[in-house]
Every structure is written in structure tokens, then in C-alpha cells.
Amino acid sequence: MGDVVQMHFSTVDYVIFVVLLVASAGIGLYYAFSGGRQRTTQEFLLADRSMRCLPVSLSLLATFQSAVAILGAPSEIYTHGTQYWFLGCSYFLGLLIPAHIFIPVFYRLRLSSAYEYLELRFSKSVRICGTVTFIFQMVIYMGVVLYAPALALNAVTGFDLWGAVLAMGLVSTLYTALGGLKAVIWTDVFQTIVMFAGQLAVIVVGTHQAGGIAEVWRKAQNGSRISGLDLNPDPLERHTFWTLGVGGVFLMLALYGVNQAQVQRYLSSRTEKEAIMSCYAVFPCQQIVLTLGCLMGLVMFARYGEESPLDKGYVKTNDQMVLYFVMDVLRDLPGLPGLFVACLFSGALSTISSAFNSLATVTMEDLIKPHVPAMTEARATLLSKMLAIGYGFVCLAMAYIASLMGSVLQAALSIFGMVGGPLLGVFCLGMFFPWANSTGALVGLASGLVMAFWIGIGSFVSRMSAPPVINGTLIPDVGNMTTAVMTTLMTTKPRPSGVQALYSLSYMWYSAHNSTTVVVVGLLVSFLTGPWKEKDLNPGTIYPVLGNLLFFLPERYREKLCCVTPLGEKPKGLDHKPYQMAQKKSNGVACTKEEDKIREEEEEQITAQPTCNLAHTVQETAL
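Note that this is a predicted model, so its numbers are computed, not measured. Here the residue index of a chain counts from 1 through its sequence in written order. Two thresholds apply to this predicted model, a pLDDT of at least 70 for residue-level local features and 80 or more for giving and counting side-chain atom pairs, whereas whole-chain, interface and lining totals are computed over all residues. As a convention, hydrogens and water are excluded, and side-chain values are obtained from all of the structure's heavy atoms.

A. Spatial organisation of the side chain of T361. Helix and strand labels come from DSSP, where a helix needs a run of H or I of at least four residues and a strand needs a run of E of at least two; each type is numbered from the N terminus. In this structure, T361 sits in helix 14 (residues 336–368). Beyond its immediate chain neighbours, meaning those up to four positions away, T361 contacts L45, S112, Q260, Q264 and D366. The contact criterion used throughout is that any non-hydrogen atoms of two residues lie within 4.5 Å.

Below is the structure:
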């Protein structure tokens, strides 16, 4: 790419970009010096469980609407057509299941970390393995999320690369460490509005320059970019209705069901109902975001046709192509390029600040607190803030490593998608299958991760070593929320077989395949090592899906099948709290006499939570 096509920012653009950073930092400072001033871990990590539905839903949307998606979705539509839009079909089940299964279980257990559930259901070792897996996933991901948009911006506009990386990294670290989860959620709200405004500005101006929306649609149709419903069931096809609409459900569950960054937002809600409503509110927002990405891709096609800036050598990669298009369309409108770049960096800021906060939470709750039970509240809060700052510097270090990785960048980003599936699998194993034991969970998680990396890395290596011309198909930089980017080349002649077919599996099926591996292996190992019975389970940790499905069987048979789980009982007078234990004896975990006495007293008062879940008590205030 020559300097002749490099476009530059005006002063107004820089001002808008700086205003975004200052406003984000300002929100953090406001919450550092107002309200409870982040003096407790409850407030710092969970916003004092006081958040309302709207800010939580916008924060849920912003957390994984990263800069990768803003850059990747339009280039996917430009290159391959609108088939990608059918991903929106997966949002319905992908958000309905978390709303009615995962949120009630997590919320009623009053957890702080999603991985606390794994200890309540299985054992401490499963909890630690889950936590370490999540930390590995997020640390790698946030460095790439920070570096990728800065690199694209630098290539197209000459914007200082490390200046942008440092500005984003330090600002997000600042407001996360000062303002806690409240600051993260409210900056997400602000950044979501900026994201919508930036994308809308480009679409409106680009459509006007192309001659109107009817002209954009006509050119897209003539260029075969408007895709019909592809019902091909072949799992090796990169994008079909089934890979996007069904495979996408598992991807959504991994993101919105069990990922700590999202679970933490549900748990920060004032009530369980508001947490569920926030999940519902994400649905139309996700559809709008997807539609905006598709429209931008079609407007790009209307402007450039088949001769893309990539083909002409103006840019080197697909994600740079979107920025080139933006700068090209908005070149005569000072301020609007700055607005889009603010939109882009809002995506990055919201993602990495959520990562810092969730990483600080799981490190504190799962790795430090259990080993230092006597820590004072003030010291725990200070340590949580230090962890958030520490992860900020780790993020900057990862961005530097990403800059050295070159072509391996794609593989690093795909790790997010590879790890999400096995984590979803271990939660499903615990929540839906009462027989699963701790050994099964550990072996299942390990086998799921091995399978994930085997397929992911095998696919990457086989693509790299493939002959240069295969069916004339490009490898796009797909920015699908967060898995993004582990795309698979479609080869139709000849059809892959054996292990090669596994490597050619559509990346949209990764989450489903890997989570299923965890469940199947986990159940097999559990049955071989002695399945757990109902009395071995902690109350509130099983969702009675099997009991509901086998409702037609007599209760004694369901008991033998372990389908009458603690969650299936509905105590008298507690119709609004169906997941509470009716029978004290159902909890097979040994409790002290004092704990038994406390539990009995609390049950007499109809408490909302079981008081002896493990060797320790999960209390509303225990953070």
C-alpha cells in the first residue's frame, strides 16, 4: 500500500477521539467519588447488585461487540454476501436459554463468580480448572482486541499505532480500577451509543453517495451479494442456515450463558426479573447491530463493486478495507471519520474493560479468597483494584506480543472461540445431568479442550499448507462477535474425508462440537467411576430439564433415573421461588451441628437461599 492512498485525520477528528477517551475516564472518576465510592468488593465487583435493566442490557451488548466485529462483519458481507445475516436466527434461542435456565440458577445461588457454581456442583478442583481456562482465554483475547483496530487505523490513516494502544489500554484500566463494575457498565452504555452513531453516519452518507438505498440493493443483487436461504445440511459448508442458525446458538450460549463477563452483569442486577429482562432486551439490539454491519457491507459493494481496495492493493487485509471505505466516504466531512474511529475504539474499550473487571473478580473470588478467608473487606477491595490494574498492564503486554505474531494473529483470536465451547460443556454437564460427578467433569473439560485445540490448530495449519489456488476462495477476516476469525476454507473438489473433514468443519460448529465432547466424555467417565445420586447433590445446582422432559413417568421411576432433582421441588408457600429445597435431607454434604441449626432457623423464616452448600456458606454478602 503506497502513501498516496493513506488518508489523514483532521483536527476535528482528533478532538472527537479525545472526547471519547476523556468521557470514559470521567465516568470512572465519577463512580470513584460518588455513592459507596467502591469501598467494598460487593460494590467494586458487582455494582452493589443495584443495576437496572437498560444499562445492563446495553453493557451485555457492548461487551462482545468488539472492534473486530465492527471491522469484520461488513467485509464478510462485501466478500461473501448476506448469508451471514442468518446468524440473527440463533439469537432467539441463544438468549432465551440463558434467560430462563442459566440466570435463575446463578442468581438464586447468589454467586460472585460463575466458577463458584462449579465448586458447588462438583468440587474445588473443577472450579480452579474452569477459572484458569477462563483467565487463559481472556488474557489472550484482550491483547488482540486492543491491537487489531489500532493496527488497521495505523495502516489506513497513519494514526500513531502505539499511541492508540496506550491511550485505550491506560484509559480503560483507569476507569475500571477507579469506578468498578458501575463505571464499566455506564461507560459501556455511552460507548454503545457512540458505536451506533458511528456506524449509522457511515451508512447514511455512503448510501446517499451511492444514489439511495434502492440503488445499493440493485447493485448488490446484480453482484450476487443478496443470499437466499441456504438449507444445505453439510457441516463443512462455512456459512449455511444450519451453521449460522443452529451452530450459532451454541456460540451465543458460550457468550451469554456462562462467560464470567456476562454472568457478572446478570448478578449485578437489582432483581432476578431485571436480569432476565436485560437478557431479553439484548435480542433487538443484537439484531440492529447485525443489520448495521450487513448494510455497511452492501454500501461498500455499491461503492467499489468487484474491484475492492484489497484487490487494488490500497490495503493489505479485509479489516483495513472497512476503515479505508470509511475514510473514503467521509473524507469531505470533517469530524465524521473521527466519530467512526471513536465507534471502533468504543468497541475495543467496552470489551477490554469488561475483561479486566471479570478477570479481577475470578482471580479474587476463585484463587485468592478461598485461601485467605480472614482477609478484611478493605484489603480485599484494594487487592481487587490492584488486580484490575495488573490485568491492564498484562493487556498492554499481550498487545505487544500480538504485534510480533504476524499471521498467527488469526489463530490467537480464534482461541477465544475454541475455549468457550468446552467451558459451556462443563456448565451444561453440571446443570442438566445429575449423574455427572467431579471426575467426569475434569476429564470431560480436559478432553473438550484437547479436541478444541486439535481441530482449531489442525484447521489453521492445513489452511496454511494448502495449495495456493483452491476454488478461488478468499480467506476472510470474519469478525463474528468474539470467535471471529477461525474461518475454514471451503473446498468442494474433492470433498475432505477422515481427519481432514474434521479440520474443514465450519468454525460456527466449533462451540457445539466441543461442548458436546465435554458432555459425552463427562457422562461416560461419571458412569464408569460411579454416578452421583440425588442425595449427593447440592440444592439449587441442577436445572430439572430431565424431570420436565420425562414428566409422564411415575415418580418412583424418575427417582431411580435421578430425574427428581432438588430444583424440581416447589415448597408450599414459595410458588415464586421454585428452585428452593423442600427437603433438608436432600443436601448430602456434611454440615456441622451449628450449621444445621442455623439452616433450620433460616428455613423456618423461609429464607431464599440454602445455607450449607459446601464447607462454606454462600451468602448474599460473601464476595
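B. Just the packing of helix 7 (residues 124–157) against helix 8 (residues 161–210), in detail. What counts as an axis is a line fitted to C-alpha atoms, over the stretch in contact for a helix, and the angles between N-to-C directions run from 0 to 180 degrees. Interaxial distance between helix 7 and helix 8 falls to 9 Å at its minimum, and their mutual angle equals 145°. Handedness of the crossing formed by helix 7 with helix 8: right-handed. In contact with L146, Y147, A150, L151 and N154 of helix 7, helix 8 contributes L161, W162, A164, V165, M168 and G169. Note that Gly is not counted as nonpolar here; it falls among the polar residues with everything else outside the nonpolar set of Ala, Val, Leu, Ile, Met, Phe, Trp, Tyr, Cys and Pro and the charged set of Asp, Glu, Lys and Arg. Among the residues making up the contact of helix 7 with helix 8, the classes are represented as 9 nonpolar, 2 polar and no charged. The hand of a helix crossing depends on one turn: near helix anticlockwise from the far one by less than a right angle means left-handed, and clockwise means right-handed.

C. Structural detail: the pattern of salt bridges. Any Lys or Arg side-chain nitrogen found within 4 Å of a carboxyl oxygen on Asp or Glu counts as a salt bridge. Scanning the entire structure with this criterion turns up 13 salt bridges. Of the charged contacts, one joins R127 and D366 as a salt bridge, the two residues approaching to 2.7 Å between their closest N and O atoms. With R127 in helix 7 and D366 in helix 14, the pair connects residues that are 239 residues apart, well separated along the chain. Of the two residues examined, R127 and D366, each falls in the buried class. E215 is paired through a salt bridge with R218; the nearest N and O atoms lie 2.6 Å apart. Highlighted residues: E215 and R218, both in helix 9 (residues 213–222), separated by 3 residues, approximately one helical turn. In this structure, a network of salt bridges that share partners links the residues E119, R127 and D366. Note on exposure labels: buried denotes an accessible area under 20% of the residue type's maximum, exposed denotes more than 50%, and partly exposed covers the range between, all computed with a 1.4 Å probe on protein chains only.

D. Broad picture of the packing of aromatic side chains. Note on ring pairs: Phe, Tyr and Trp rings are taken, using the six-membered ring of Trp, and paired if centres are within 6.5 Å. Classes follow the plane angle, with under 30 degrees stacked, over 60 edge-to-face and the rest tilted. Using the criterion set out here, one finds 26 aromatic pairs in the structure. Relative to F159, the ring of F17 lies with its centre 5.1 Å away and its plane at 85°, an arrangement referred to as edge-to-face. With F17 in helix 1 (residues 11–32) and F159 in the loop between helix 7 and helix 8, the pair connects residues that are 142 residues apart, well separated along the chain. The residues F17 and F159 share a single accessibility class, namely buried. Geometrically, the ring pair formed by Y30 and Y31 is edge-to-face, given 5.0 Å between the ring centres and 85° between the ring planes. Residue Y30 is classed as exposed on the basis of its relative accessible area, which comes to 52%. Residue classification places Y31 among the buried positions, given a relative accessible area of 16%.

E. Examining helix 11 (residues 260–267) more closely. For helix 11, the tally of buried residues reaches 8 of 8 residues, placing the bulk of the element in the interior. Regarding helix 11, the residues found buried are Q260, A261, Q262, V263, Q264, R265, Y266 and L267. Of the residues flanking the start of helix 11, the one acting as N-cap is N259, its side-chain oxygen 3.0 Å from the backbone nitrogen of A261. Whenever a nitrogen or oxygen atom comes within 3.5 Å of another N or O atom, the pair is scored as a polar contact, on the condition that within protein one atom can donate a hydrogen and the other can accept it, and that pairs from neighbouring residues in sequence are kept only if both atoms are in side chains.

F. Just a nonpolar patch on the surface, in detail. Patches here: salt-bridge-free residues with over 30% relative accessible area, like charges joined within 9 Å, nonpolar side chains (Val, Leu, Ile, Met, Phe, Trp, Tyr) joined within 5 Å. Residue burial considers only the protein chains on display, and all accessible areas are found by Shrake-Rupley using a 1.4 Å probe. On the surface, W162, L166, L170, F393, Y400, I401 and L404 cluster together into a nonpolar patch covering about 700 Å² of accessible area. Elements supplying a minimum of two residues to the nonpolar patch: helix 8 and helix 15 (377–405). The leading source of residues in the nonpolar patch is helix 15, at 4 residues. Inspection of the secondary structure puts F393 in helix 15.

G. Layout of the environment of A32. With respect to the helices, strands and loops of the structure, A32 is situated in helix 1. Put simply, A32 and G180 are 148 residues apart on the chain and 7.8 Å apart in space, counted from C-alpha to C-alpha.

H. The side chain of D366, seen in detail. A residue is classified by how much of its surface remains accessible, and D366, at 2% relative accessible area, is buried. Among the polar contacts listed, one links the side chain of D366 to the side chain of S113, at a separation of 2.7 Å. When near neighbours in sequence (up to four residues on either side) are disregarded, D366 contacts S113, Y115, E116, R127, T131 and T361.

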